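Here's the letter readout for the chains.
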Amino acid sequence: MNNMFLLYIDPGTGSMLFSLFIGLAAALTFGLRALFMKIKFFLSGGKASKTESDKIPFVIFSDHKRYWNVFKPICDEFEKRGVDLVYLTASPDDPALTAGYQHIKGEYLGENNKPYARLNMLNADIVISTTPGLGVLQWKRSKGVKLYVHVPHTVDDLSGYRMFGLDYYDVVLTTGQNQIDLIRKIEELRPAIAKKELVTVGSPNLDAMKARLSEESSKASSKLPDREPSNVSALGTGEHADASNAADGSGEKNSGKKTVLVAPSWGVSGILSRYGEKLLDSLSKTDFNVIVRPHPQTVVSEQNILKPLEEKYQNIEWNYDNDNFSVLDKADLLITDFSGIIFDYSLVFDKPLIYADTNFDTLPYDADWLSEPMWSFRVLPRLGLQLKEEDFDKIGSIINQAIESKNLQEGRNAVRAECWEHQGECAKRITDYLLEKQKNL
């Protein structure tokens, strides 16, 4: 296991040698292809080649299976319309590979740097991806691709991407006005890059999560006995977890305790890295059920932090589910830092959060180019209460204050309107756009 982590190469920093190799290979391949097509064109007496007819119309690339929640609604819409699409993934157990579609063809490319050997020489009309860094390190723009389209996996302002993360995409399908404002500011600061086409479509994963929550709420309501109508009315109003945790279909209480979910980002600014034992010691002394859900990258590259905490806090539940829906639904309150889970939790599940003071280092990110704080940090006071290290001994009362706050409900409504437009319509809007765009290429 330890040897595996020593060999890990962070996709964000990458291997420059691999980039050089792929760049040379791609240049050689396209040079030979161009020469071959010229000879073929000459020998055929000037007849058009079949290169265009060999193109794949639509390709989705996913660098990890956790982005299936972004792409599934799009794949469902393509399938419903009978439009063929190729789904390339870097995860051998990506749900797309076993989804049973008729028009979606899944293909596993390999892990780490292996996918880029295929992607850098792809022949397609449109490539859709959530992966930033196109044209920066390993992933190069293929000369055989006409259009690269970025679909964000979060509704925040995208300045949390590694530097130059979106510079070489042609199109960004934004979730709201907040992302448009950020991208245009970055483009003004980098006049050498081409302006991207920005189309606001909404958020496919939040739409899907909201639909799933509504379905689960309906199921929970149907199981509640007539003598407890108060729990039914609470569903979907920021108290869904209270109702779902309070009854199991028989009217019996599962637990009188509230559940607190700790879900940090990873890296030196993350709360597990920065506070670790101090935070978990404080939570262990409260009367809450505590669940810790480490970031997937922490599991890969921060075992030196994670393992000692797991061993010491065996009275805390550690969650590693690929699908975070159940644990978000179960929690009455979220404690986090700058993780994108902030928006999933507060905007879909409509529940409060506490955000830790981590002094986020913007240096490796696009945010470092900006003179103002990141949008995601500016809206945090509207979504939750701040937790400072000197207040750890009062964490129980801060949690209760956040759960009972009425102002935070109003704040969530306002933030939702800024960053999540066209609710429930995203997959349709994305598919409409892609089909029209491909027709006009």
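The numbering scheme is per chain: residues are counted from 1 as the chain's sequence reads. The model is predicted, so local features are restricted to residues of pLDDT at least 70 and side-chain atom pairs to those at 80 or more, both for listing and for counting; the totals for chains, interfaces and linings are taken over all residues. Only hydrogens and water are removed before side-chain values are computed, so all heavy atoms of the structure are retained for them.

## A look at the pairing of strand β12 (residues 353–356)
No. 1: The two faces of β12 match: Leu353 and Tyr355 on one face and Ile354 and Ala356 on the other face are all buried.
No. 2: With three bridges joining them, strand β11 (residues 333–336) and β12 adopt parallel strand pairing. Counted as the bridge partner of threonine 336 is tyrosine 355 from β12.
No. 3: When the strands point away from the viewer, a crossover counts as right-handed if the route from the first strand across the helix to the second turns clockwise. Numbering of helices and strands runs from the N terminus; a helix is a DSSP stretch of H or I covering at least four residues, while a strand is a stretch of E covering at least two. A crossover links β11 with its parallel partner β12, the connecting element being helix α14 (residues 341–348), and its sense is right-handed.
No. 4: A pair of strands is labelled paired if DSSP reports no fewer than 2 bridges between them. As paired elements, β12 and strand β13 (residues 384–387) share four bridges and run parallel to each other. Partly exposed residues are those whose accessible area sits between 20% and 50% of the maximum for their type, while under 20% is buried and over 50% is exposed, using a 1.4 Å probe and protein chains only.

## Considerations on the sheet that holds β12
No. 1: Taken in spatial order, the six strands line up as β10-β9-β8-β11-β12-β13 in an open sheet, and their pairing is parallel. One side of each edge strand has no neighbouring strand; the edge strands of this open sheet are β10 (317–318) and β13.
No. 2: Sheet topology places strand β8 (residues 259–262) next to β11; three bridges connect them, and they run parallel. Bridge pairing in β11 links valine 260 to leucine 333.
No. 3: Taken strand by strand, α14 contacts β11 and β12, and its axis lies near 160 degrees from that of β11. Should any heavy atoms of two residues lie within 4.5 Å, those residues are counted as being in contact. An axis is simply a line fitted to the C-alpha atoms; with a helix, the fit covers only the stretch in contact. Between two such axes, the angle follows the N-to-C directions and lies from 0 to 180 degrees.

## Considering the packing of helix α3 (residues 68–81) against helix α19 (residues 426–440)
No. 1: Where α3 contacts α19, the axes come no closer than 9 Å and their chain directions differ by 60 degrees. The orientation of α3 relative to α19 falls into the category oblique. Classified by chirality, the crossing of α19 by α3 is right-handed. Of the residues in α19, those in contact with Pro73, Ile74, Glu77, Phe78 and Arg81 of α3 are Ala427, Lys428, Ile430, Thr431, Asp432, Leu434 and Leu435.
No. 2: All residues other than Ala, Val, Leu, Ile, Met, Phe, Trp, Tyr, Cys, Pro, Asp, Glu, Lys and Arg, Gly among them, are scored as polar; the first ten of these are nonpolar and the last four charged. Split into classes, the residues belonging to the contact of α3 with α19 amount to seven nonpolar, one polar and four charged. With respect to orientation, any angle under 35 degrees is reported as roughly parallel, any angle over 145 as roughly antiparallel, any angle of 65 to 115 as roughly perpendicular, and every other angle as oblique. By definition, any crossing whose near helix is turned counterclockwise from its far helix by less than a right angle is left-handed, and any crossing with a clockwise turn is right-handed.

## Here's the deal with the pattern of salt bridges
No. 1: In the sections that follow, a salt bridge refers to a side-chain nitrogen of Lys or Arg positioned within 4 Å of a carboxyl oxygen of Asp or Glu. Applying the stated criterion across every chain yields a total of 28 salt bridges.
No. 2: A salt bridge links arginine 212 to aspartate 323; the shortest N-O distance between them is 2.7 Å. Here arginine 212 is found in helix α6 (residues 204–223), whereas its partner aspartate 323 is found in the loop between β10 and α13 (325–330), with 111 residues between them in sequence.
No. 3: On the basis of relative accessibility, which here comes to 37%, the residue aspartate 323 falls in the partly exposed class.
No. 4: For the salt bridge of aspartate 350 with arginine 412, the shortest nitrogen-to-oxygen distance reads 2.9 Å. Placement of the pair is aspartate 350 in the loop between α14 and β12 and arginine 412 in helix α18 (residues 407–419), with a sequence separation of 62 residues.

## Digging into the side chain of serine 265
No. 1: Relative to the helices and strands, serine 265 is located in the loop between β8 and α9 (271–274).
No. 2: Judged by its relative accessible area of 12%, serine 265 is buried.
No. 3: Setting aside residues no more than four positions away along its own chain, serine 265 makes contact with Gly270, His295, Thr298, Asp337, Phe338 and Ser339.

## Thoughts on the pairing of strand β7 (residues 197–200)
No. 1: Alternating residues of β7 divide into Leu198 and Thr200, all buried, and Glu197 and Val199, none buried.
No. 2: Bridge analysis of strand β6 (residues 171–174) against β7 gives four bridges, and the strand direction is parallel. Note that in β7 the partner of leucine 173 across the bridge is valine 199.
No. 3: The parallel pair β6 and β7 is bridged by helix α5 (residues 177–189), and the resulting crossover is right-handed.

## Some details on the packing of α3 against α6
No. 1: In the contact formed by α3 and α6, the axes pass within 7 Å of each other and the chain directions differ by 85 degrees. Classified by the angle their axes make, α3 and α6 are roughly perpendicular. Facing α3, whose interface residues are Asn69, Val70 and Pro73, α6 presents Pro204, Asn205 and Ala208.
No. 2: Residues belonging to the contact of α3 with α6 are distributed by class as follows: four nonpolar, two polar and no charged.

## Let's talk about the nonpolar core
A general feature of soluble globular proteins is that nonpolar side chains tend to end up buried together.
No. 1: By nonpolar core we mean a set of buried residues, namely Ala, Val, Leu, Ile, Met, Phe, Trp, Tyr and Cys, connected to one another through side-chain atoms within 4.5 Å. Formed by 28 residues in total, the largest nonpolar core has its most connected members in Leu261, Phe343, Leu347, Leu383 and Val415.
No. 2: Looking at this core, the elements that each hand over two or more residues are α6, α13, α14, β12, α16 (380–383) and α18.
No. 3: With residues up to four places along the chain from it excluded, the contact list for leucine 347 reads Val155, Leu383, Arg412, Val415, Arg416, Cys419 and Trp420.

## Considering the environment of lysine 65
No. 1: On the secondary structure map, lysine 65 appears in the loop between β1 (56–62) and α3.
No. 2: Placed 25 residues apart in sequence, lysine 65 and alanine 90 show a C-alpha to C-alpha distance of 7.6 Å.
No. 3: Ignoring sequence-local partners within four residues, the contact set of lysine 65 consists of Ser91, Asp93, Asp94, Pro95 and Asn322.
No. 4: Two N or O atoms count as a polar contact when they lie within 3.5 Å, although within protein this holds only if one can serve as hydrogen donor and the other as acceptor, and sequence-adjacent residues are included solely when both atoms are side-chain atoms. Looking at lysine 65, its side chain comes within polar contact range of the side chain of aspartate 93, at 2.6 Å.

## Some remarks on helix α17 (residues 395–404)
No. 1: Those residues of α17 that sit buried are Ile395, Gly396, Ile398, Ile399 and Ala402. Seen from one end, α17 has its buried residues packed into an arc of 165 degrees, which puts them on one side. What the arc covers is the set of directions going from the helix axis to the C-beta atoms.

## What about the sheet that holds strand β4 (residues 124–129)?
No. 1: Read across the open sheet, the seven strands follow the order β3-β2-β1-β4-β5-β6-β7; overall the sheet is parallel. Each edge of the sheet is formed by a strand with only one pairing partner; in this case those strands are β3 (104–108) and β7. Pairwise comparison of adjacent strand axes, ignoring direction, gives a mean angle of 25 degrees for this sheet.
No. 2: Note: β4 against strand β5 (residues 145–150), five bridges, orientation parallel.

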